[in-house]
Amino acid sequence: MGIPGLLPEILGCVGRPTDLRAFSNGVAHGSDSDSLVPLRIGVDVSTWIHSASYGHNDELSDDRHLSNYGRAELLNNDKTNIEKGTENETAPTISSEVEQAYIVKCVSNIVGRLQRLQLETKGEVLAVLDGNTAPIKAAQVQVRARKRKQAELERDQQVDQTGDEEALERRIKMSKRAGAGKYFTAILVAVLDQLRINKIPFLVAPYEADSQLAYLSLNRWIDVIVTEDSDLLAYGASPILYKLIEHISSGDPIGTMVRKEDLAAHKDSSNSSLNLTDFNALTMAVMFVAVGSDYNIETKIRGIGIKAACTIVRDVFFGAAKSKSKAVILEQIFARTFSAGWDQNSLTEDFKEAYKKAFIEALLMFRHPVVFDPIRGECVTMGNEHGDPDLMTYGPYAVLFADPVRRETIVGAFYDRKVAICIAEGWISPRTLRPYEGTQSQLPDYVLEVIAAIPPILADDE
C-alpha cells in the first residue's frame with residue numbers, strides 16, 4: 001500500500017482539493033479542444049474492497065462480548081459445553097446468515113460508491129482489481145495474512161470472564177485488524193457479479209491493480225486514477241485523486257489531486273521536508289525503494305526515512321554528487337544509504353549484498369511490471385523495452401534485466417493470451433487458473449474452452 005507517512009507529506013505539499021463534478025461536462029482529448037468527451041476514471045477497487053472489509057468487520061464480532069448480560073450468556077454457554085465435555089472444541093463458528101450479511105454490506109458499500117461516482121461526475125468509470133500476487137511480494141503478503149489470521153483468532157477467542165475494559169478494547173481492535181480474511185474471495189466474486197449486473201466496466205489485472213492503472217494512465221486510456229495507494233506515484237501515473245473514499249459515500253466526488261508536473265515543480269518550503277523538484281517516475285521509484293517499499297521491506301536500513309531518501313536521490317541524480325563523480329548511479333545510491341544508516345554494526349558485507357540484490361529487484365518491479373494491454377488483448381511489460389539508461393549502467397541490474405527466467409521470479413510470468421483475457425474479464429482466477437468458486441454455471445462457452453485447455457499441473461484449487 002505504499003510508503004507509510006509519505007502520502008500525507010505529498011498531499012500537504014502539492015495536493016489540490018478537487019471536485020470531479022467540475023468535469024461533468026466532459027474533457028478535451030488531443031488538439032480538438034472543442035470536442036468534449038466524458039471524464040474517464042480508473043478506480044483502484046481493490047483498495048475499496050479492503051476498506052469495506054475492515055470497515056464492516058465488526059459485523060463478524062459477537063456483540064455479546066460488549067455487555068455484562070451478553071458475557072453472562074456466553075459464560076453460561078461455556079459452562080454447558082464443559083458439562084457436555086465439548087469445552088476443548090474450537091470457538092463458536094459464525095452463522096451463515098451473519099457471514100452473508102457481512103458480504104452483502106461490503107459489496108453494497110463498494111458498488112454503491114462506484115454508482116455514485118458515475119452519477120455525480122457523468123463520467124466513464126473503469127473498476128480495476130488486483131489479480132495474482134507478484135512473486136517479489138509473496139513473502140510480505142504471507143506475513144500480512146498470518147497477522148490477519150492471528151487477529152481473527154483473538155477476535156473469536158473465548159469470553160473474558162472479568163469484563164476487563166482493556167480486553168474488550170483489544171477484542172474490538174482485533175476485529176478491525178482481521179479484515180475480510182477467509183471471506184475475501186466471496187466478496188470479490190460478489191463484487192464482480194454486481195459490476196456485471198450494473199453494467200460497470202471493470203478489468204482484473206494479471207498482478208497488481210496499481211501498476212495496471214499506471215499503464216492505462218501512461219497510455220492516456222484513462223484521465224484520472226482514484227486510489228489510496230501511494231505506489232502509483234512511483235509508476236509515473238498522473239493525475240491521481242486521493243481521499244475520495246472519505247467523501248464519495250455521502251455522494252460527493254471530492255478528493256485531493258496530485259499531478260506529476262506539480263510534484264516535479266515542488267520546492268522545499270517551511271511546511272515540508274521534501275524537495276521533489278525535477279523528480280520523475282524513475283527518481284520517485286528509486287526513492288521509494290531506498291525508503292523500503294513492499295518489495296524490499298525486509299532489507300530496510302534504519303535511518304533511511306522519506307527525508308533522507310529524498311536527499312540522497314536528489315544529490316545523486318541532480319546535485320553536485322552527479323557532476324563531480326563518474327561513478328555508476330546505483331553504486332552512489334548504495335554508498336550514501338549505507339553511510340547514512342543508524343546501526344552501522346548491522347551493515348555487514350552479507351547484509352549489503354542482500355540489500356543490493358533486493359534493491360534492484362524492487363526497482364525492476366516498479367519499472368517493468370507485467371500488465372494487461374486491453375487493446376492488444378495480452379500481457380505486456382511496462383516501461384522502456386531497453387531499460388532505463390541510468391540503471392543499466394549498474395552491471396547486476398543489467399544482467400537481471402536481460403534474464404527473462406529470473407525476471408519471472410520477480411515480476412511474474414505472462415499468461416497465455418486467451419487466459420489473460422479471461423482473467424481480465426473476471427471469469428478465471430489468476431491465482432488458480434480456475435473459475436472463481438460458485439461461478440461455474442455463469443461461464444460463457446469460450447471461457448469453458450479456455451479452462452479445458454489449461455494443463456492441470458498449472459491450475460490449483462481456490
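Engineer: I keep staring at the sheet that holds strand β6 (residues 202-204) and nothing clicks. Help me out?
Structural biologist: The strand order across the open sheet formed by 7 strands is β1-β9-β8-β7-β4-β5-β6, and the pairing between neighbours is mixed. The sheet is open, and its two edges are formed by β1 (16-19) and β6, each paired on a single side. Between one strand axis and the next, the sheet turns by 30° as a mean value, whatever way the strands run. Across 4 bridges, β1 lies against strand β9 (residues 254-258) in antiparallel orientation. The residue of β9 that forms the bridge with Arg16 is Met257. Contacts from helix α1 (residues 6-14) reach β1, β8 (240-242) and β9 within the one sheet, and its direction differs from that of β9 by about 85°.

Engineer: Looking at this structure, I do not really get the environment of Ala362. What am I missing?
Structural biologist: Secondary-structure assignment places Ala362 in helix α14 (residues 349-367). Sequence separation of Ala362 and Val286 is 76 residues, and the distance between their C-alpha atoms is 9.1 Å. Excluding residues within four positions of it along the chain, Ala362 makes contact with Ile136, Val289, Ser293, Tyr295 and Asn296.

Engineer: Honestly, the confidence of the model for the protein in this entry has me stumped. Any pointers?
Structural biologist: Low-pLDDT portions of the prediction should not be read for the details of their coordinates. Here the protein averages 84 in pLDDT, while 77% of its residues score no lower than 70. pLDDT under 50 marks residues 82-93. Its contacts with residues more than four places away, or in other chains, come to 6 contacts.

Engineer: So what exactly am I meant to see when it comes to helix α13 (residues 329-340) here?
Structural biologist: Side chains three or four residues apart in an α-helix point the same way, a direct result of the helix having 3.6 residues per turn. Between its first and last C-alpha, α13 extends 17 Å over 12 residues, near the 16 Å set by a 1.5 Å rise per residue. Residues Ile329, Leu330, Gln332, Ile333, Phe334, Thr337 and Phe338 constitute the buried set of α13.

Engineer: Sorry if this is basic, but what is going on with the packing of α14 against helix α17 (residues 404-411) here?
Structural biologist: Helix packing for two helices is described by the angle between their axes and how far apart those axes are. In the contact formed by α14 and α17, the axes pass within 10 Å of each other and the chain directions differ by 80°. What the angle tells us is that α14 and α17 run roughly perpendicular. In this structure, α14 uses Lys357, Glu361, Leu364 and Met365 to contact α17, whose residues at the interface are Arg406, Arg407, Ile410 and Val411.

Engineer: Just checking my understanding: could you explain the packing of helix α4 (residues 96-121) against helix α7 (residues 184-197) for this structure?
Structural biologist: Remark: α4 packs on α7, axes separated minimally by 9 Å, with the N-to-C direction vectors making an angle of 40°. Between α4 and α7, the crossing angle belongs to the class labelled oblique. The two elements α4 and α7 meet at a crossing, and its hand is right-handed. On α7, the residues touching Tyr102, Ile103, Cys106, Val107, Ile110, Val111 and Leu114 of α4 are Ala186, Ile187, Ala190, Val191, Gln194 and Leu195. Among the residues making up the contact of α4 with α7, the classes are represented as 12 nonpolar, 1 polar and no charged.

Engineer: What should I look at first to understand the environment of Gly412 in this one?
Structural biologist: Position of Gly412 among the secondary structure elements: in the loop between α17 and α18 (417-424). In this structure the C-alpha to C-alpha distance between Gly412 and Val371, which are 41 residues apart in sequence, comes to 9.9 Å. Once you skip the residues sitting within four places of it in the chain, Gly412 turns out to touch Pro135, Tyr207, Val370 and Arg407.

Engineer: Would you mind showing me how to read the packing of aromatic side chains here?
Structural biologist: Scanning the entire structure with this criterion turns up 15 aromatic pairs. With centroids separated by 5.8 Å and ring planes inclined at 75°, the aromatic side chains of Tyr215 and Trp221 adopt a geometry described as edge-to-face. Overall, Tyr215 belongs to the buried group, its relative accessible area being 9%. Here Trp221 falls in the partly exposed class, since its relative accessible area comes to 28%. For the ring pair Phe317 and Phe318, a centre distance of 6.3 Å and an interplane angle of 45° mean the geometry is tilted. Here Phe317 falls in the buried class, since its relative accessible area comes to 5%.

Engineer: Looking at this model, I keep getting lost on helix α10 (residues 281-291). Mind explaining?
Structural biologist: Across the 11 residues that make up α10, a large majority, 11, are buried. Inspection of α10 places Ala281, Leu282, Thr283, Met284, Ala285, Val286, Met287, Phe288, Val289, Ala290 and Val291 among the buried residues, and these make up the whole buried set. Looking at the buried side of α10, the elements it contacts are α1, α11 (306-317), α13, α14 and α15 (389-392). Measuring from the backbone nitrogen of Leu282 back to the side-chain oxygen at the start of α10 gives 3.1 Å, which picks out Asn280 as the cap. Of the residues flanking the end of α10, it is Gly292, one or two places downstream, whose phi is positive at about 115°.

Engineer: I keep staring at the pattern of salt bridges and nothing clicks. Help me out?
Structural biologist: It is possible for side chains of opposite charge to pair when their charged atoms get near one another. Applying the stated rule across the entire model yields 17 salt bridges. Among the ionic pairs, Arg21 bridges to Asp19, the shortest N-O distance being 2.9 Å. The class of Arg21 is partly exposed, set by a relative accessible area of 27%. Ionic pairing is found between Asp388 and Arg367, a salt bridge with its closest N-O pair at 2.9 Å. With Asp388 in the loop between β11 (378-381) and α15 and Arg367 in helix α14, this pair connects stretches of sequence that are 21 residues apart. For the pair shown, Asp388 and Arg367 are each scored as buried. Counted as one network, the salt bridges with shared partners bring together Arg16, Arg259, Glu261 and Asp262.

What counts and how
Residues numbered from 1 in each chain as written. Predicted model: local features only at pLDDT ≥ 70, side-chain atom pairs only at ≥ 80, totals over all residues. Heavy atoms only, no water. Pairing = 2+ DSSP bridges. Helix = DSSP H or I, 4+ residues; strand = E, 2+ residues; numbered from the N terminus. Axes fitted to C-alpha atoms, helices over the stretch in contact; angles between N-to-C directions. Contact = heavy atoms within 4.5 Å. pLDDT = per-residue confidence, 0-100. Expected span 1.5 Å × (residues − 1). Buried < 20%, exposed > 50% of the residue type's maximum accessible area, 1.4 Å probe, protein only. Parallel < 35°, antiparallel > 145°, perpendicular 65-115°, else oblique. Left-handed = near helix turned anticlockwise from the far one by under 90°. Nonpolar A, V, L, I, M, F, W, Y, C, P; charged D, E, K, R; others polar. Phe/Tyr/Trp six-rings, centres within 6.5 Å; stacked < 30°, edge-to-face > 60°. Polar contact = N/O pair within 3.5 Å; in protein donor to acceptor, adjacent residues only side chain to side chain. Salt bridge = Lys/Arg side-chain N within 4 Å of Asp/Glu carboxyl O.

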